[in-house]
Amino acid sequence: MTNAKMAVPLKSIAVLAAGCLLIGWGSNWEELKSAAASVTSLSADFVQEKHMQILARPLVSSGVFYFQSPSSLRWEYRAPVRNILLMHDNRTERYVETGHGLIKETGAGLQAMQIVLEQISQWLGGRFDENPMFTANLEPGPKIVLTPKEKSFTRMIHHIDLVLSERPGVIDSVFIYESEDSFTKLVFKNAVLNQPIDAALFRKVS
Amino acid sequence: MKGRLFVLAAVLLALSCARLPKIVPVTGADPSEPAEVCGRIFPAGKWQLLHSIEADLPGGRHSVMMGLTVLSSRRRSNRSVIMSLEGFVVFDGEVNQGLKVHRALPPFDSPGFAEGLMEDIRLIFFKPEGPAAECGLLTDESTVCRYKNPDGGVVDIVLRSTGTCESLRYDRKQRLIRIVKVPADSRTSDGVPQTIELTAHGKQSYKLVMTLLEAVPLDP
């Protein structure tokens, strides 16, 4: 499996978080799905912390994302390394900032993006319990716990926690556990729901 | 186009044939001085370093990753982690009186990958073991310190007059197999290199450009 493919689960989860950032929580899957239907667009800033036992302090990255229903997404890391994922009109592209400017990734990376695209409609439709890659449990807290269905996949991701806010529909944070001593935390802020988003954002990197 | 390809082929041929250069001793100079200066180009103490890594790989592939290295110059130990730009760990290995791989996902689990990576890490961040076998000048008047590797190879630390520092690794047949370059004025105030270029020659040629994102000094 390529490095780019490794990034897929993380991106998928980030997209999931984007999708349910403000979708109005219910107490069961049906209510959650119903609430998800009201999301037409969404944008937010995010801060990501990478925690590992060996780190003196976590690695921090940050960025912004935009989503337009049904399946347009721009997921952009701005620091420390600019890295943009674009999904629009059934096309997926990834750009990475290098010494030669933003370059488009090709090959396996694109293939991986296609997988993300297939998942996004499920996440954003609130169909957490229908994803082919994860088993989802709605737990007190409230939080959603996603566990990989395939054992081989647990080598990459052990499990994922989506911690929901007390504010209905808001996710506080996402924890992606790769192993016992390594996890990634995503925190969202400045969320804007159902406001017009320039379609060019999903087609062009700048 | 054909002309360019010919020049490129000639350069590659020249590099592949690069051999151990002759060292001219400096008469009357303190013999320990060059070795001391050569040793100073490596980070001293314990550090947590985060780099972005642009990799030009065999087959024309290009990839950008992040590399985390926690190292101790005194213990000559390191823990090295390769991550996707999203922070997903694809390789996690450690050298501390032996190599231990904590996590290796395909293709980073291929035979010899961990050993090769750790050899590159050693060349980049650690002064070669033992005293210099020879010190002096190259024909272009660069200062050079030569160290013998336990595998029969050689490592030359070269300080160019331009300020660029290079670590050149030769195999036991004296063929140049690695070049590490740190450009002039590319160091933090603590002496940590901000830009590192590693070029690997041989069956699996590749080039890495490492840009320092974060350097955290750790308690000794």
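Our subject is the structure that appears above.
Just so we're clear, the structure is a prediction, and the values are computed from it rather than from any experiment.

## Regarding the overall build of chain A
Okay, step 1: Within chain A, the secondary structure is distributed over three helices and eleven strands.
Okay, step 2: Secondary structure elements in chain A, listed N-terminal to C-terminal, are α-α-β-β-β-β-β-β-α-β-β-β-β-β.
Okay, step 3: Within chain A, the fraction of its 206 residues that count as buried is 37%.
Okay, step 4: Summarising the internal contacts of chain A: among those between residues at least 6 apart in sequence, 50% fall at separations of at least 24.

## Details of the interface of chain B and chain A
Okay, step 1: Counting from both sides, the interface comprises 24 residues of chain B and, opposite them, 28 residues of chain A.
Okay, step 2: Looking at the side of chain B that touches chain A, the elements with two or more residues in it are β1 (46-57), β2 (61-72), β4 (89-95) and β12 (206-217) of chain B.
Okay, step 3: Its residues placed into classes, the side of chain B that touches chain A shows 15 nonpolar, five polar and four charged.

## What to know about helix α3 (residues 113-125) of chain B
All names here are of chain B.
Okay, step 1: With 13 residues, α3 should reach 18 Å at 1.5 Å per residue; the first-to-last C-alpha distance of 18 Å fits that figure.
Okay, step 2: Listed in full, the buried residues belonging to α3 are A114, L117, R122, I124 and F125. Along α3, the residues classed as buried sweep out an arc of 165 degrees about the axis, all on the same side.
Okay, step 3: On the buried face of α3, the contacting elements are β2, β3 (77-83), β4, β5 (99-104), β10 (176-182) and β11 (195-200).

## Looking at the nonpolar core
Okay, step 1: Judged by nonpolar contacts, the single largest core of 60 residues is most densely connected at F65 of chain A together with I82, M83 and V90 of chain B.
Okay, step 2: Sorting elements by how many residues they give to this core places β2 of chain B first, with five residues.
Okay, step 3: Counting residues in each nonpolar core, the second largest holds 15 residues, with A132, C135, V155 and I157 of chain B among its members.

## Here's the deal with the sheet that holds β10 of chain B
All names here are of chain B.
Okay, step 1: Spatial strand order, β5-β4-β3-β2-β1-β12-β11-β10-β9-β8-β7-β6: twelve strands in an open sheet with antiparallel pairing. The open sheet has two edge strands, β5 and β6 (134-137), and neither has a second partner. Pairwise comparison of adjacent strand axes, ignoring direction, gives a mean angle of 20 degrees for this sheet.
Okay, step 2: Note: β4 against β5, five bridges, orientation antiparallel. Paired with F91 across the strands is A104, a residue of β5.
Okay, step 3: Here helix α2 (residues 32-39) sits on the sheet and contacts β6, β7 (143-148) and β8 (154-159); the angle it forms with β7, its principal contact strand, is near 85 degrees.
Okay, step 4: Sheet strands in contact with α3 are β2, β3, β4, β5, β8, β9 (165-170), β10 and β11, and its direction is about 115 degrees off that of β5.

Reading the values: rules and limits
Residues numbered from 1 in each chain as written. Chains lettered and ligands numbered in written order. Predicted model: local features only at pLDDT ≥ 70, side-chain atom pairs only at ≥ 80, totals over all residues. Helix = DSSP H or I, 4+ residues; strand = E, 2+ residues; numbered from the N terminus. Buried ≥ 20, exposed ≤ 12 C-beta atoms within 10 Å, placed from the backbone. Contact = placed C-beta atoms within 7 Å. Nonpolar A, V, L, I, M, F, W, Y, C, P; charged D, E, K, R; others polar. Expected span 1.5 Å × (residues − 1). Arc of directions from axis to C-beta. Core = buried A, V, L, I, M, F, W, Y, C linked by C-beta atoms within 7 Å. Pairing = 2+ DSSP bridges. Axes fitted to C-alpha atoms, helices over the stretch in contact; angles between N-to-C directions.

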